Amino acid sequence: MPNSVDGFNAYRSKMNEKLLAENNKLIKRIFNLDTNAYMAGALDVKTKELLGLVASAVLRCDDCVKYHLEHSKKAGASKEEVMETLGIATLVGGTIVVPHLRRAYEFWEDLEEHDA
């Protein structure tokens, strides 16, 4: 059975290519701004990805949560750091975030399995 990480990344790549192929200046600028916002600056990449994870969980964007989980892991975030970050997101967002917390935990397990 294919890993959910591979499926998520394949779908995301395919749809991003289609969106960018439309050559819409506004969409291209938003994608570029998003990419550049998470580059190292006064805050390191891991911190920015964990902040993105909090915001995404509070906004209940599962695709965004998956993206930030994967990039947090790539930036060196530990399971303990991610769980603390998700705890803060749940505190800020309230119990409505709990279903997204479950899916986030499941995706983190898939990321660990994927990298094993």
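The structure presented is a predicted model; accordingly, all values stated were derived computationally and were not measured.

J.: What is the right way to read the nonpolar core from this model?
T.: Taken as a class, soluble globular proteins show a tendency for nonpolar side chains to be buried jointly. Residues Leu53, Val65, Leu69, Val82, Phe107 and Leu111 are the most contacted members of the largest nonpolar core, which totals 18 residues. Of all the elements in the fold, those that place two or more residues in this core are α1 (4-21), α3 (45-58), α4 (62-74), α5 (79-93) and α6 (98-115).

J.: Help me understand the packing of α3 against α4, please; the structure alone is not making it clear to me.
T.: For any two helices packed against each other, the geometry comes down to the angle between their axes and how far apart the axes lie. Two elements in contact, α3 and α4, have axes whose closest approach is 9 Å; the angle formed by their N-to-C orientations is 160°. With respect to their mutual orientation, α3 and α4 come out roughly antiparallel. The two elements α3 and α4 meet at a crossing, and its hand is left-handed. Contact residues: Glu49, Leu50, Gly52, Leu53, Ser56 and Ala57 in α3; Cys64, Val65, Tyr67, His68, Leu69, His71 and Ser72 in α4.

J.: Any chance you could explain helix α2 (residues 25-37) here in plain terms?
T.: Helical geometry: 3.6 residues make up each α-helical turn, so side chains three or four residues apart lie on a common side. Taking 1.5 Å per residue as the helical rise, α2 with its 13 residues ought to reach 18 Å, and the 18 Å between its terminal C-alpha atoms agrees with that figure. Residue Asn24 occupies the N-cap position of α2, its side-chain oxygen lying 3.0 Å from the main-chain nitrogen of Leu26.

J.: What am I meant to see in the pattern of salt bridges here?
T.: For side chains of opposite charge, pairing can occur when their charged atoms come near one another. Overall, the coordinates contain four salt bridges when judged by the stated rule. Note that Lys46 and Glu81 form a salt bridge whose closest N and O atoms lie 2.9 Å from each other. Linking Lys46 in helix α3 with Glu81 in helix α5, this pair joins segments that are 35 residues apart in sequence. For Glu70, the salt bridge identified is with Lys74, shortest N-O distance 3.6 Å.

Calculation notes
Residues numbered from 1 in each chain as written. Predicted model: local features only at pLDDT ≥ 70, side-chain atom pairs only at ≥ 80, totals over all residues. Heavy atoms only, no water. Core = buried A, V, L, I, M, F, W, Y, C linked by side-chain atoms within 4.5 Å. Buried < 20%, exposed > 50% of the residue type's maximum accessible area, 1.4 Å probe, protein only. Helix = DSSP H or I, 4+ residues; strand = E, 2+ residues; numbered from the N terminus. Axes fitted to C-alpha atoms, helices over the stretch in contact; angles between N-to-C directions. Parallel < 35°, antiparallel > 145°, perpendicular 65-115°, else oblique. Left-handed = near helix turned anticlockwise from the far one by under 90°. Contact = heavy atoms within 4.5 Å. Expected span 1.5 Å × (residues − 1). Polar contact = N/O pair within 3.5 Å; in protein donor to acceptor, adjacent residues only side chain to side chain. Salt bridge = Lys/Arg side-chain N within 4 Å of Asp/Glu carboxyl O.

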